[in-house]
Amino acid sequence: MEQNCQCHKTKERGAEEYKKLMNRLNRIEGQIRGLKRMLENDAYCPDILIQAAAANAALNAFNRELLSNHIHTCVVKDIKEGREGTVDELVDTIQKMMR
């Protein structure tokens with residue numbers, strides 16, 4: 001009996017979604033480089049912590065955007081096609097994000 005392996009799922013993103021997500025990641029990457037420079041330049045601890053919190057907030061915003069896109073596209077499509085296991089996958093993903 002052949003089983004459908006879904007261990008390598010992918011998603012094609014529209015140009016607008018891709019651009020928005022990539023822009024967010026580029027900003028986060030810049031923030032991380034800035035944190036490294038601050039540490040290398042012996043910046044004051046509270047200043048580094050504030051910048052780290054800003055980078056964390058930016059990463060959380062990226063996650064919210066990606067999660068929203070996922071729910072509105074992949075999850076809705078799978079439910080309409082009868083693949084209700086996607087809801088369990090979504091719950092598992094959210095639980096892992098909240099650790």
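Because the structure is predicted, anything quoted here is derived from the model rather than measured.

Definitions and limits used
Residues numbered from 1 in each chain as written. Predicted model: local features only at pLDDT ≥ 70, side-chain atom pairs only at ≥ 80, totals over all residues. Heavy atoms only, no water. Axes fitted to C-alpha atoms, helices over the stretch in contact; angles between N-to-C directions. Helix = DSSP H or I, 4+ residues; strand = E, 2+ residues; numbered from the N terminus. Parallel < 35°, antiparallel > 145°, perpendicular 65-115°, else oblique. Left-handed = near helix turned anticlockwise from the far one by under 90°. Contact = heavy atoms within 4.5 Å. pLDDT = per-residue confidence, 0-100.

Would you take a moment to explain the packing of helix H2 (residues 45-80) against helix H3 (residues 85-97) for this structure?
Packed helices, taken two at a time, are described by the angle their axes make and the gap between the axes. Where H2 contacts H3, the two axes come as close as 10 Å, and the packing angle between them is 165°. The angle between H2 and H3 places the two elements in the roughly antiparallel class. Every pair of crossing elements has a handedness; the one defined by H2 and H3 is right-handed. Counting all contacts with H2, which are made through Asn63, Leu67, His70, Ile71, Val75, Asp78 and Ile79, the residues of H3 involved are Thr86, Val87, Leu90, Ile94 and Met97.

Whenever I open this one, the confidence of the model for the chain confuses me. Can you help?
It should be kept in mind that the predicted coordinates are not to be read in detail where pLDDT is low. Mean pLDDT over the chain works out to 92, with 92% of the residues at or above the 70 mark. When the elements of the chain are averaged for pLDDT, H3 gives the smallest value, 95, and helix H1 (residues 15-40) the largest, 97. Contacts from residues 1-5, a stretch scored under 50 in pLDDT, to residues over four places away or in other chains number 0 contacts.

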